[in-house]
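# Structure at a glance
Letter by letter, the chains look like this.
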Amino acid sequence: MAATRRRELMIKWCVWALGVPLVTAAFWLGPAGIAVLASVVAVVAVAEYGGLLRLAPVDRAVLGAAVVALVLTVWLAPGEVLRVAAVGALAIAGVPLLTGDAEQGLRRLGAGLLGLVWLGVLAGLVPSGALGLVLFVAVSIADIVAYAAGPRLGGPRLSPLSPAKRWSGTLAGAAAGLGTLAVLSSLTWQTAVAVAVGGPLGDLLESMVKRGAGAKDAGRWLAGSGGLLDRIDSLLMALAVVLVLS
């Protein structure tokens with residue numbers, strides 16, 4: 001931040017510095033605190049996601065209920081996760097079916113199921129414990145370093161989905177993320193893959209959604225980051241990678 005003197009980076013870091021103590025406090029409270037935090041984040045993320053894809057209020061409500069139900073199930077009855085996920089998927093499918101939406105039903109169904117899979121990963125925060133917080137810190141630092149280093153280092157662009165990002169910045173961010181994991185004594189091959197590969201893929205996934213929606217940011221209320229989904233996109237994919245590899 002000091003090296004670039006870019007105002008948007010300063011704002012991002014200030015918001016990050018204010019948010020981390022709150023997030024840390026939730027993790028300090030254990031599974032109950034993490035479940036509450038993940039549920040709140042899920043509600044906000046679903047609202048932003050639904051706004052991007054122009055989902056009807058009933059679609060957003062059902063999707064939000066399904067994601068929160070997953071989070072609470074992982075906390076209170078982890079053996080029922082698959083059953084609750086299946087019920088959530090059926091409920092999401094049932095909304096356009098019951099309303100007889102022949103024109104937009106398939107789009108609403110696809111968007112709802114994608115949201116359930118993507119945002120439902122938040123439930124993985126509950127059993128991850130402190131590792132979830134470590135991943136959040138690591139991917140956040142990696143994202144900031146990639147954002148600052150890419151334009152300075154130049155080189156090939158990472159993907160048409162995000163023209164501003166370059167391979168040089170992504171590699172610099174990955175190195176910073178791995179260094180963060182090492183400092184926090186959490187560097188394993190699983191977490192390394194999650195931060196170095198999952199983080200950038202999560203960012204590209206959200207870029208794809210936003211480009212399809214013709215939007216620059218998922219929201220406008222979070223200073224320096226746009227919306228909450230813009231802040232946790234890398235974390236979601238990194239967490240998914242850790243869950244799969246572990």
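Before reading further, recall that the structure is shown in the block above.
Residues numbered from 1 in each chain as written. Predicted model: local features only at pLDDT ≥ 70, side-chain atom pairs only at ≥ 80, totals over all residues. Heavy atoms only, no water.

Relative to the helices and strands, Arg231 is located in helix 10 (residues 228-245). At 3.4 Å, the side chain of Arg231 and the side chain of Asp143 are in polar contact. (Helix = DSSP H or I, 4+ residues; strand = E, 2+ residues; numbered from the N terminus. Polar contact = N/O pair within 3.5 Å; in protein donor to acceptor, adjacent residues only side chain to side chain.)

Now for the nonpolar core. Core analysis: the biggest nonpolar cluster contains 54 residues, and Tyr49, Trp118, Leu119, Leu229, Ile232 and Leu236 have the highest contact counts within it. For this core, the secondary structure elements donating two or more residues are helix 1 (7-28), helix 2 (31-52), helix 3 (57-76), helix 5 (105-119), helix 6 (125-128), helix 7 (130-153), helix 9 (189-213) and helix 10. Excluding anything up to four places from it in sequence, Leu236 contacts Trp118, Leu119, Val121, Leu122 and Leu229. (Core = buried A, V, L, I, M, F, W, Y, C linked by side-chain atoms within 4.5 Å. Buried < 20%, exposed > 50% of the residue type's maximum accessible area, 1.4 Å probe, protein only. Contact = heavy atoms within 4.5 Å.)

Scanning the entire structure with this criterion turns up 7 salt bridges. One salt bridge connects Asp143 with Arg231, and the closest N-O pair in it is separated by 3.4 Å. Remark: Arg231 occurs in helix 10 and Asp143 occurs in helix 7; sequence separation between them is 88 residues. The pair formed by Asp143 and Arg231 is uniform in burial state, with each residue classed as buried. The closest approach of N and O atoms between Asp203 and Lys165, which form a salt bridge, is 3.0 Å. Highlighted residues: Asp203 in helix 9 and Lys165 in strand 2 (residues 162-166), separated in sequence by 38 residues. A residue is classified by how much of its surface remains accessible, and Asp203, at 11% relative accessible area, is buried. Lys165 gets classed as partly exposed once you look at its relative accessible area, which sits at 27%. Beyond isolated ion pairs, a larger network of salt bridges with shared partners links Asp59, Asp101 and Arg108. (Salt bridge = Lys/Arg side-chain N within 4 Å of Asp/Glu carboxyl O.)

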